There are 6 protein chains.
Amino acid sequence: MIATVSRKAHFNAAHRLFRADWDFEKNQEVFGKCNNPNFHGHNYELIVHVTGPISKETGFVIDMKILKDLIKLEIEEAFDHKNLNLDVPEFKDLNPTAENISVVIFNKLRPKIESNLELKITLFETPRNSVTYSGQ
Amino acid sequence: MIATVSRKAHFNAAHRLFRADWDFEKNQEVFGKCNNPNFHGHNYELIVHVTGPISKETGFVIDMKILKDLIKLEIEEAFDHKNLNLDVPEFKDLNPTAENISVVIFNKLRPKIESNLELKITLFETPRNSVTYSGQ
Amino acid sequence: MIATVSRKAHFNAAHRLFRADWDFEKNQEVFGKCNNPNFHGHNYELIVHVTGPISKETGFVIDMKILKDLIKLEIEEAFDHKNLNLDVPEFKDLNPTAENISVVIFNKLRPKIESNLELKITLFETPRNSVTYSGQ
Amino acid sequence: MIATVSRKAHFNAAHRLFRADWDFEKNQEVFGKCNNPNFHGHNYELIVHVTGPISKETGFVIDMKILKDLIKLEIEEAFDHKNLNLDVPEFKDLNPTAENISVVIFNKLRPKIESNLELKITLFETPRNSVTYSGQ
Amino acid sequence: MIATVSRKAHFNAAHRLFRADWDFEKNQEVFGKCNNPNFHGHNYELIVHVTGPISKETGFVIDMKILKDLIKLEIEEAFDHKNLNLDVPEFKDLNPTAENISVVIFNKLRPKIESNLELKITLFETPRNSVTYSGQ
Amino acid sequence: MIATVSRKAHFNAAHRLFRADWDFEKNQEVFGKCNNPNFHGHNYELIVHVTGPISKETGFVIDMKILKDLIKLEIEEAFDHKNLNLDVPEFKDLNPTAENISVVIFNKLRPKIESNLELKITLFETPRNSVTYSGQ
């Protein structure tokens, strides 16, 4: 029997959407007010989905406490109350759009979760905007 | 890298579930209190999901501002504060169930979104009832 | 010891904001798209707050099951899947704004709740608009 | 045209995670505070997803009122205000993890829903923890 | 300048509503299915409101981190994953209705918060039922 | 008849909690990770409450569309996608705690709302932290 378990977490961070190799006008045209050079920010809501067989022994796909602690260690401690552009090395040369943040989160968690389990990331940038990424 | 971006919108509308080619008793039997001839209404919550490659240039699947404006123009301005049965031409001969509203929304948005992007619609009629449609 | 207990309920209804003694232009000027003559509608979320002493005998301010049944009988059965303007006698000559709906709900519930208990009504017309009324 | 309709329900229940064939230390090591012998509890939020063709006759995949009544009869009346371990026969020898509860709900509903319709269960144990199961 | 700051927390617990000095029939009549002798449970959502002057020095009414840690220590560690009737001494002879739980939480927090600050407790037993208590 | 109408809005912003007249160690001791010199950010959810008599003429306390436009003009356009410390003049010498942001919002809106109407501000900094201020 295959099931998906989902665990919700959150972090608050500042970011700015822009490319260093574009001038201000080009950045403004593409990224609009998200290009504010002084940064703006979000309460990011993260949902981590793990799919795999339900263990006959424990009744778990994955121990939710282990998943919770993994998200805390790998994502919340790295991103919470940070400036994604300045404080988080993965975004040194990567524009921190919600899509790219989802990819970075996936890539950080993927090696920490057993390879027989599927992983999917949903990231809400605001209550109205979200992204889903599953490594494809 | 393929991701899904989702954008939430909403509109308030009146509707009545019934078929003009059925008599009142038959409509009442199938649609119950949703067949009130004086109409009732909902705050519809709409989520539009767009799936495609993350652009290396912008870090976007689709510019969320463009998606937001498209939903506003095509759906919110056409449906908000309207009587779906009387004011919206697509429902002149189509029963405005949540399923059919989802199909109409999909069909209105599909030609406006690049054909390499997949589209899926989720429509909440109430906080407890929703429908998902992806053109299949 | 005095506490407030709150119970949430909901109903779906159509309405139109207008005054029969004003012409269409005046109604349009004041009520805008809420004046659509074909009606529009909402999922109303209702919260009923009752304040009074905690009974030493039961540990209740009021039995939540009794409050739930009272709201169902007096409000949900009268308003749900109705056109407030056409189907609900209280709005025959009263504009069904969220404010006035709250007053009508208060006036319907007040005589059914013991007079030593205070009553307050909160009504969400949409997730972003709400009204609170307590009989003052 | 194929759509998915989803209906939300809820029930409150007590449970304890443990295996009778393990000693207390082993149960404590695997299930931690969820192994409290005196039980703890949750407000479970259940979403039942049904996928199938939209009927040309009714505009429905399934009549939401029938689905609502089915969930009430089969799940809410069996689980609500119960101790899952002691009062619900399906968990007599099955550890009531969220994964296993989802499987039991699926297995109870599957024979009651027409076989041409697909069924999927989402169960929130808390606002932060959920499980999805579709019979695979 | 006087403001109210509010902090949300949660705990999961089992309980049973009954009085040991009443027989089963009397308990069943008053508490209905909440009187299940095997217990049921809830995800309690707690909101702690603290009112007082905004400090000119810090811009805080109370340091939210201190409030969060206080709620964790005094309430979450005492109530989470517990059976309120059996595991929590305050309910040894007190019926754990939402009203009485709110009073117990207020009484546990009141001496830990400076006396010039007002305290109010809101407790959601389910998403539809809540209680507010402020020590009156 | 006196009622309170409430309107929800939101804005995304970056901020840093610190005092320029304290050294880094003192700021770190008091404001912890909120003192990140590179800023972090939030999706602020704002609720504006206006209390006054229900107009016999319109059935409104205040026209919700006017209130919505006022919040958009005075608050959303001034704060959204901004760095509160650097881009918003009111915080040039004022620490942008949730308490102080609430006071600034109150002070900006108070002169724009008729003096016979009472005003109250609720600001959610995160889904778990909020502040209420009413000018006292």
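Residues numbered from 1 in each chain as written. Chains lettered and ligands numbered in written order. Predicted model: local features only at pLDDT ≥ 70, side-chain atom pairs only at ≥ 80, totals over all residues. Heavy atoms only, no water.

**Student:** I tried to follow the packing of helix α2 (residues 64–79) of chain B against helix α4 (residues 98–109) of chain B on my own but got confused; where do I start?
**Tutor:** When two helices pack together, you describe them by how their axes are tilted relative to each other and by the distance separating the axes. Residues and elements named next belong to chain B. Between α2 and α4, the shortest axis-to-axis distance is 10 Å and the interhelical angle comes to 140°. The orientation of α2 with respect to α4, classified from their angle, is oblique. For the element pair α2 and α4, the recorded crossing hand is right-handed. For the pair formed by α2 and α4, the contact residues are Leu70, Glu74, Ile75, Ala78 and Phe79 on the first element and Ile101, Val104, Ile105, Lys108 and Leu109 on the second. Class assignment for the residues of the contact of α2 with α4 results in eight nonpolar, no polar and two charged. (Axes fitted to C-alpha atoms, helices over the stretch in contact; angles between N-to-C directions. Helix = DSSP H or I, 4+ residues; strand = E, 2+ residues; numbered from the N terminus. Parallel < 35°, antiparallel > 145°, perpendicular 65-115°, else oblique. Left-handed = near helix turned anticlockwise from the far one by under 90°. Contact = heavy atoms within 4.5 Å. Nonpolar A, V, L, I, M, F, W, Y, C, P; charged D, E, K, R; others polar.)

**Student:** Just checking my understanding: could you explain the relation of the copies chain A and chain F for this structure?
**Tutor:** Both copies of the chain are tied together by a single rotation about an axis and a shift running along it. Laying chain A over chain F is done by rotating through 180° and shifting 0.0 Å along the axis; what remains is an RMSD of 0.0 Å. Here the copies are linked by what is in effect a two-fold axis. In this assembly, 100% of the residues forming the interface of chain A have copies in chain F that are likewise at the interface, indicating an isologous arrangement. (Least-squares fit on C-alpha atoms with pLDDT ≥ 70 in both.)

**Student:** I would appreciate a short explanation of helix α2 (residues 64–79) of chain C in the present structure.
**Tutor:** Residues separated by three or four positions in an α-helix point in the same direction, a consequence of the helix having 3.6 residues per turn. Residue and element names in this part refer to chain C. In this model, α2 (16 residues) spans 21 Å end to end at C-alpha, consistent with the 22 Å of a helix rising 1.5 Å per residue. Lys72 marks where α2 bends most, by close to 40°. Three or more residues of α2 are buried, namely Met64, Leu67, Leu70, Ile71, Glu74, Ile75, Glu76 and Phe79. For α2, the capping residue at the N-terminal end is Asp63, with a side-chain oxygen 2.9 Å from the backbone nitrogen of Lys65. Trailing α2 by a residue or two, His81 shows a phi angle of about 60°, which is positive. (Expected span 1.5 Å × (residues − 1). Bend = angle between axes of the 7 residues up to and from the residue. Buried < 20%, exposed > 50% of the residue type's maximum accessible area, 1.4 Å probe, protein only. Polar contact = N/O pair within 3.5 Å; in protein donor to acceptor, adjacent residues only side chain to side chain.)

**Student:** Can you help me understand the pattern of salt bridges in this one?
**Tutor:** If the charged atoms of two oppositely charged side chains come close together, the side chains can form a pair. Enumeration according to the criterion identifies 30 salt bridges over all chains in this entry. A salt bridge links A:Asp69 to A:Lys65, with the nearest nitrogen and oxygen atoms 2.9 Å apart. Of the two residues, A:Asp69 and A:Lys65 are both situated in helix α2 (residues 64–79); the distance of four residues between them amounts to about one turn of the helix. Overall, A:Asp69 belongs to the partly exposed group, its relative accessible area being 35%. We classify A:Lys65 as exposed; its relative accessible area is 54%. The closest approach of N and O atoms between F:Arg19 and F:Asp21, which form a salt bridge, is 2.7 Å. (Salt bridge = Lys/Arg side-chain N within 4 Å of Asp/Glu carboxyl O.)

**Student:** Mind showing me how you'd approach the interface of chain A and chain F here?
**Tutor:** The accessible area lost on association of the parts is a frequent measure of interface size. Opposite the 22 residues of chain A that make contact, chain F presents 22 residues. In this assembly, chain A packs against chain F so that about 1,800 Å² is buried in total across both faces, 49% of it on carbon and sulfur atoms. Per-residue buried area on chain A facing chain F is highest for A:Asn38, A:Asn43 and A:His81; these three make up 33% of the total on that side. Our count for the contact surface shared by chain A and chain F stands at two salt bridges. Close ionic contact of F:Asp80 with A:Lys33 constitutes a salt bridge, the shortest N to O distance being 2.8 Å. Linking chain A with chain F are 19 residue pairs in polar contact (both at pLDDT 80 or more), by the criterion used here. At the level of elements, β1 (2–15), β2 (40–53), β3 (82–83), α3 (84–87) and β4 (118–126) of chain A are the ones that each hand at least two residues to the side of chain A that touches chain F. With five residues, the top contributor of residues to the side of chain A that touches chain F is β2(A). (Buried area = accessible area lost by both parts, 1.4 Å probe.)

**Student:** Is there a simple way to explain helix α4 (residues 98–109) of chain A in this structure?
**Tutor:** Residues and elements named next belong to chain A. Helix length check: α4 (twelve residues) gives 16 Å between terminal C-alpha atoms against 16 Å at 1.5 Å per residue, within 8%. With eleven of twelve residues buried, α4 lies mostly within the body of the structure. Within α4 the residues assigned to the buried category are Ala98, Glu99, Asn100, Ile101, Ser102, Val103, Val104, Ile105, Phe106, Lys108 and Leu109.

**Student:** What is the right way to look at a positive patch on the surface in this model?
**Tutor:** On the surface, a cluster of positive charge is contributed by A:Lys68, A:Lys72, E:Lys68 and E:Lys72. Of all the secondary-structure elements, those providing two or more residues to the positive patch are α2 of chain A together with α2 (64–79) of chain E. Its location among the elements puts A:Lys68 in helix α2. In this structure A:Lys68 comes out as partly exposed when scored by relative accessible area, which is 42%. (Patch = residues over 30% accessible without salt bridge, like charges linked within 9 Å, V, L, I, M, F, W, Y side chains within 5 Å. Areas by Shrake-Rupley, 256 points an atom, 1.4 Å probe, with all protein chains shown as cover. Lys, Arg positive; Asp, Glu negative; His and termini not counted. Charge placed at Lys NZ, Arg CZ, Asp CG, Glu CD.)

**Student:** Looking at this model, I keep getting lost on the environment of C:Pro89. Mind explaining?
**Tutor:** Residue and element names in this part refer to chain C. Relative to the helices and strands, Pro89 resides in the loop between α3 (84–87) and α4 (98–109). A residue is classified by how much of its surface remains accessible, and Pro89, at 65% relative accessible area, is exposed. Spatially, the C-alpha atom of Pro89 lies 26 Å from that of Val50, the residues being 39 residues apart in sequence.

**Student:** Explain the packing of aromatic side chains to me, please; I cannot follow it from the model alone.
**Tutor:** Aromatic rings considered in pairs are described by the distance between their centres and by the relative angle of their planes. Taken as a whole, this structure holds 36 aromatic pairs over all chains when the rule is applied. Here the aromatic rings of C:Phe106 and C:Tyr133 are separated by 5.2 Å at their centres, their planes lie at 80°, and the arrangement is edge-to-face. Taken together, the residues span a long stretch of sequence, with C:Phe106 in helix α4 and C:Tyr133 in strand β5 (residues 129–133) at a distance of 27 residues. There is no split in this pair, since C:Phe106 and C:Tyr133 are both buried. One aromatic cluster in this structure is built from A:Phe11, A:Tyr44, A:Phe79 and A:Phe91. A cation over a ring is seen here: A:Lys26 above A:Trp22, with NZ or CZ 4.9 Å from the ring centre. (Phe/Tyr/Trp six-rings, centres within 6.5 Å; stacked < 30°, edge-to-face > 60°. Lys NZ or Arg CZ within 6 Å of the ring centre and 35° of its normal.)

**Student:** Sorry, what's going on with the side chain of A:His49 here?
**Tutor:** Residues and elements named next belong to chain A. Considering the arrangement of structural elements, one finds His49 in strand β2. For His49, a relative accessible area of 13% puts it in the buried group. Separated by 2.8 Å, the side chains of His49 and Ser6 make a polar contact. With residues near it in sequence (within four places) discarded, His49 still touches Thr4, Val5, Ser6, Glu118, Leu119, Lys120, Ile121 and Thr122.

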